[in-house]
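Each chain, written out:
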Amino acid sequence: MNPHGSDAATLGGRAGSDTAAVELVDLSFAYDVRPVLEGITMTIPRGKIVAIMGGSGCGKTTILRLIGGALKPKSGSVRVDGQSVPDLGPEALYHLRRRCGMLFQFGALFTDMSVFENIAFPMREHTDLPEELIRDLVLMKLHAVGLRGAAQLMPSELSGGMARRVALARAIALDPMLVMYDEPFAGLDPISLGVIGQLIRRLNDALGITSVVVTHDVYESLKIVDYLYFVSEGRIVAGGTAAEVRQSMMPFVRQFVDGQPDGPVPFHYPAPPYREELFARVD
Amino acid sequence: MSIDAAQGPSYWLRRLGGAVTGGVARVGYATRFLGAVLWHTPHAFRRIHLTLREIYFSGVLSLVIILMSGMFVGMVLSLQGYETLKRYGSDEQLGILVALALVRELAPVIAGLLFASRAGSAITAEIGLMKATEQLAAMEMMAVDPLARVVAPRFWGGVISMPLLAALFSAFGIFGGYLVGVRLIGIDEGAFWGQMQAGVDFWPDVTDGIIKSFVFGAAVSLIAVFEGYDSKPTAEGVSTATTRTVVISSLAILALDFVMTAFMFRGAA
């Protein structure tokens, strides 16, 4: 396991760049002048689940937005299925997005539509399938996430875990080649957490899709992912398989895996010396 | 002494300049936004059920407040108008006064103000909440343009609803004026309706009102969808955007009303 992004080369070498679903090379991004990502290089092979981990505000979700074409990088390249995402025009970008699914942190279900209508939404928008076929497909997707019986419920009637499962069913509605998960485990009870984790693994294997999971839940991720990248302050600081991560002695990885409050990521926000500040004269 | 007050004139000049350029940039952004909405208009009409749904939410659900307000305004107008006309012995002209005041001025303006408060704020809040809960982002990631799917139908729903609401406001206002003037005060019913029929012309009286209500509908709908779409995705951001919709729409209606009335007045002269 090599730090500072060189793991991307290891993983890429293992999978082969021609089989990569997503490739980020020397990617940098900034909001105005505030740098968010610096020199990110990673390869996400087809059919695999790759987790991008890091603390809050480290730039994980920004990576997903760059992959989805919602943001344009300052420098570097983003390739999805061989296509350079920042260079795509609106039409081509929408065409690419039709082959991608995304699970948002809190589901982002359409609150004025029932569960059934939410999952039928992408089918109705992008296909001319007859209503009977849409009905069957929606029920199949709902069955896959165990919520066929909730088809007529409204999003407000769902628990957090159920909403996440419905959103997952919607993300795979058009049988995408790539599914992106933005904090799929956030705020879930232990049972829902396990259910979502297993669904991500099962659906990935059954449908042959590629999954990118952005999360800070190291325990749940280690159970399901093929590879992990650790991001801190906009850079990849470590990466490896689940087994490598468990055995790693790198201070950052150990702090993250063991949930230690202090370490390479400090407990204290930068401040003047404590004693100096306490005894400072206040005018 | 506050920090701001301690700054020199150059500080205030900079702030003023920033506010002006910021305002101009926002108007430019809103104009581009209007262009994008108009570009997606065919989508709103090709999938007419989306626009009809918005006409229901903006128009039909505003009916109670519009009709009740129209009737009360007509009743008050009748009372006040009678008092003034009676001084000059022209109380039989009450019908024409009520009708002209409503059709040319009060119905478009008051219905517009009520529409901004009832439907405009609801549109802003709905779009703002969709943004805050990432529903718009989810739509984009599903390769569905929110401008076409969410914004354009709401804009056109408002534009179509507003003239109809203003017309109903006028109708109920005239009915309210009739109840007070004829039934309560006792003005001759034939004179009330006859004067109105003789004194109110479709062109320009009624058409002026229609043009005004159409323009107010477009202004309120644009402000409502723009503020919602541009709101910060937080609870505070949505609340601020909703307030801005009501305030800016109300001022826009009154300012546009003055400009249009001035043009129409010259035309009539």
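Below: a short report on this structure. Only a predicted model underlies this, so the values are computations on that prediction, with no experimental measurement involved.

1. Here we look at the overall build of chain B
Per the secondary structure count, chain B includes 11 helices and 0 strands. With the C-alpha coordinates aligned to their principal axes, the bounding extent of chain B is approximately 65 × 55 × 35 Å. Burial statistics for chain B: of 269 residues in total, 44% are counted as buried. In chain B, 87% of the contacts between residues at least 6 apart in sequence involve partners at least 24 apart.

2. Focus on the sheet that holds strand E8 (residues 210–215) of chain A
Pairing between sheet strands relies on hydrogen bonds along the backbone, with the strands arranged either parallel or antiparallel. Residue and element names in this part refer to chain A. Strand order in the open sheet made by the 6 strands is E6-E7-E8-E3-E9-E10, with mixed pairing throughout. Two strands lie at the open edges of the sheet, namely strand E6 (100–103) and strand E10 (235–240), each paired on one side alone. Averaged over all pairs of adjacent strands, the angle between their axes in this sheet comes to 15°, without regard to strand direction. Bridging between strand E3 (residues 49–53) and strand E9 (residues 227–232) involves 4 bridges; their strand directions are parallel. Within the sheet, the bridge partner assigned to Ala-51 lies in E9 and is Leu-228. Here helix H6 (residues 160–171) sits on the sheet and contacts E6 and strand E7 (178–182); the angle it forms with E6, its principal contact strand, is near 170°.

3. Thoughts on the sheet that holds strand E2 (residues 34–45) of chain A
All names here are of chain A. Reading across the sheet, the 4 strands line up as E2-E1-E4-E5 and stay open at both edges, with antiparallel pairing between neighbours. Every other strand in the sheet has two partners, leaving E2 and strand E5 (83–84) as the edge strands with one partner each. As paired elements, strand E1 (residues 20–31) and E2 share 8 bridges and run antiparallel to each other. The residue of E2 that forms the bridge with Ala-30 is Pro-35.

4. Regarding the nonpolar core
With 140 residues, the main nonpolar core has Ile-67, Val-212 and Phe-230 of chain A together with Val-225 of chain B as its most contacted residues. Counting residues per element, this core draws most heavily on helix H6 (residues 94–132) of chain B, at 18 residues. Leaving out residues up to four positions away in the same chain, Phe-230 of chain A has contacts with Met-53, Gly-54, Ile-236, Val-237, Ala-238, Gly-239, Phe-252, Val-253 and Phe-256 of chain A.

5. What about the packing of helix H8 (residues 146–185) of chain B against helix H10 (residues 202–229) of chain B?
Residues and elements named next belong to chain B. Direction vectors running N to C along H8 and H10 enclose 145°, while the axes themselves pass 8 Å from each other. The hand of the H8/H10 crossing is right-handed. Looking at side-chain class alone, the contact of H8 with H10 contains 15 nonpolar, 7 polar and 1 charged residues.

Thresholds, definitions, all that
The written sequence of each chain sets the order in which its residues are numbered from 1. By the order in which they are written, chains take letters starting at A while ligands take numbers starting at 1. At least 70 in pLDDT is required for a residue's local features to be given in this predicted model, at least 80 for side-chain atom pairs to be given and counted, and no such filter applies to totals for whole chains, interfaces and linings, which use all residues. Counting from the N terminus, the helices are the DSSP runs of H or I reaching at least four residues and the strands are the DSSP runs of E reaching at least two. Each residue is classed by its C-beta neighbour count within 10 Å, where at least 20 other C-beta atoms makes it buried, 12 or fewer makes it exposed, and intermediate counts make it partly exposed; the C-beta atoms are placed from backbone geometry. A pair of residues counts as a contact when their C-beta atoms, built from backbone coordinates, are within 7 Å of each other. A pair of strands is labelled paired if DSSP reports no fewer than 2 bridges between them. To get an axis, a line is fitted to the C-alpha atoms, and for a helix only the part in contact is used. The angle between two axes follows their N-to-C directions and goes from 0 to 180 degrees. Buried Ala, Val, Leu, Ile, Met, Phe, Trp, Tyr and Cys residues form a nonpolar core when they are connected through C-beta atoms within 7 Å. Each helix crossing is assigned a hand: it is left-handed if the near helix lies turned anticlockwise from the far helix by less than a right angle, otherwise right-handed if that turn is clockwise. Polar here means any residue other than Ala, Val, Leu, Ile, Met, Phe, Trp, Tyr, Cys and Pro, which are nonpolar, and Asp, Glu, Lys and Arg, which are charged; Gly is therefore polar.

By themselves, these observations are geometric and do not establish any function.
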